[in-house]
Amino acid sequence: MALLGGKVVALAGGVGGAKLALGFARLLPPERLTIVVNTGDDETFHGLHVSPDLDTMLYTLAGISNGETGWGIAGETFHALGMLGRYGADTWFNLGDRDLATHIRRTQRLSEGASLSEVTSELCRSLGIEHPIVPMSDQQVRTYLKTGDGDLAMQEYFVGRRSEPVVNCVEYRGVAESSPSGGFARSLDGAEMIVLCPSNPLLSTGPILSLPGIRERLSEKNPGRCRIAVSPIIGGEAVKGPAAKIMSELGHEASCLGVAKMYGDICDLFLMDEVDRDRAPAVAELGIEPVVAPILMHTEEDKIALAKLILELGGSFLNGG
Ligand code: GDP
Ligand code: CA
């Protein structure tokens with residue numbers, strides 16, 4: 001099978017997105033890959049701008065991420081957080097000592113007038129990451145969950161409340177007044193493949209797709225471009241995190257089919273796990289081509305294999321099967 005030869009844009013959140021993005025980064029040269037990352041989870045802690053999904057992506061591609069927790073830096077210590085606690089600060093959001101340096105640097109550069117895109121590319125360069133990682137927007141978008149316990153910002157809900165409150169509605173505050181970052185918008189020009197990584201469809205790809213003009217651009221029919229999504233839901237459950245819980249609370253079917261329905265107008269091929277094979281005909285009825293494949297990634301080999309399969313599928317799709 002011929003591998004796709006053109007440019008790839010990967011739309012991603014944190015952990016699930018970074019797994020697949022790492023696979024692409026191992027296979028593609030920097031000029032053929034742009035990784036666009038959700039910033040709806042960004043939050044200010046201790047006066048510092050924290051971008052959890054960007055940081056997960058950065059640390060993963062830099063090879064310094066903590067594979068056990070899925071967030072933060074390997075071998076991290078938490079002395080600064082302990083001291084902040086002694087001063088009476090809220091310490092429910094775990095920030096390690098090395099991780100804090102990222103947020104200090106980001107906040108300083110933002111206060112000097114740099115954009116989040118500029119700061120991110122500086123951090124990438126310093127960490128030896130060659131592939132472009134771009135924030136979805138340079139403006140502020142904040143994901144809020146309306147719950148029985150009130151309106152909770154994403155990190156308050158996810159970390160502070162362990163995703164327990166029942167969600168009635170998800171809002172991407174500020175999204176209508178924001179625009180896609182320049183790097184994101186440019187990456188879509190001439191992209192041969194757009195990949196919706198196996199990220200949370202409501203909390204990670206949702207904000208990205210809600211930026212003005214993005215859904216329209218992705219839904220345009222274009223025979224020179226392939227749009228592929230990978231299900232984050234396997235056997236009715238999220239591999240990790242609250243995706244299935246929130247989907248069902250919001251009236252979506254908590255399954256790969258429920259995800260495929262959300263991506264119906266912007267997806268040509270949909271990758272789903274073997275255990276979900278019985279859902280393939282229903283996915284096909286949406287006008288999306290279902291592809292049953294091993295989409296659970298444990299090792300780096302798994303991530304590379306899935307990225308390679310996606311490049312092969314994209315190549316065949318563009319060459320007429
Ligand atoms: P977050 O921002 O850190 O929550 O990360 P994402 O939104 O990018 O990823 C979270 C989603 O990734 C969850 O819904 C998981 O089910 C999914 N996920 C994690 N690991 C895997 C995997 O190996 N394969 C697939 N298909 N999905 C995964
Ligand atoms: Ca996230």
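Because the structure is a prediction, the values reported are computed rather than measured.

Caption draft 1: The overall build of the protein chain, seen in detail. Across its full length, the protein chain holds 13 helices and 14 strands. Against the compact-globule benchmark of 20 Å for 321 residues, the protein chain has a radius of gyration of 19 Å, which places it among compact chains. In terms of overall dimensions, the protein chain has a C-alpha envelope of 60 × 45 × 40 Å along the principal axes. The long-range fraction of contacts in the protein chain, counting pairs at least 24 apart against all pairs at least 6 apart in sequence, stands at 70%. For the protein chain, the distance from the average position of its 28 positive side-chain charges to the average position of its 41 negative side-chain charges is 2 Å.

Caption draft 2: Quick look at the site of ligand 1. In the neighbourhood of ligand 1, 21 residues make up the surrounding shell, with Ser 199, Ser 204, Pro 232, Val 239 and Ile 295 lying closest. Separating an oxygen atom of ligand 1 from a backbone N or O atom of Pro 198 is a distance of 2.8 Å. One nitrogen or oxygen atom from the main chain of Asn 200 is found 2.8 Å from an oxygen atom belonging to ligand 1. With the chains in place, 93% of the 590 Å² that ligand 1 exposes on its own is no longer accessible. Here the shell around ligand 1 takes 4 residues from helix H1 (residues 15–27), the largest share from any one element. Among the residues making up the shell around ligand 1, the classes are represented as 10 nonpolar, 8 polar and 3 charged.

What counts as what
Residues numbered from 1 in each chain as written. Chains lettered and ligands numbered in written order. Predicted model: local features only at pLDDT ≥ 70, side-chain atom pairs only at ≥ 80, totals over all residues. Heavy atoms only, no water. Helix = DSSP H or I, 4+ residues; strand = E, 2+ residues; numbered from the N terminus. Rg over C-alpha atoms; globule rule 2.2 N^0.38 Å. Contact = heavy atoms within 4.5 Å. Lys, Arg positive; Asp, Glu negative; His and termini not counted. Charge placed at Lys NZ, Arg CZ, Asp CG, Glu CD. Near = heavy atom within 4 Å. Polar contact = N/O pair within 3.5 Å; in protein donor to acceptor, adjacent residues only side chain to side chain. Areas by Shrake-Rupley, 256 points an atom, 1.4 Å probe, with all protein chains shown as cover. Nonpolar A, V, L, I, M, F, W, Y, C, P; charged D, E, K, R; others polar.

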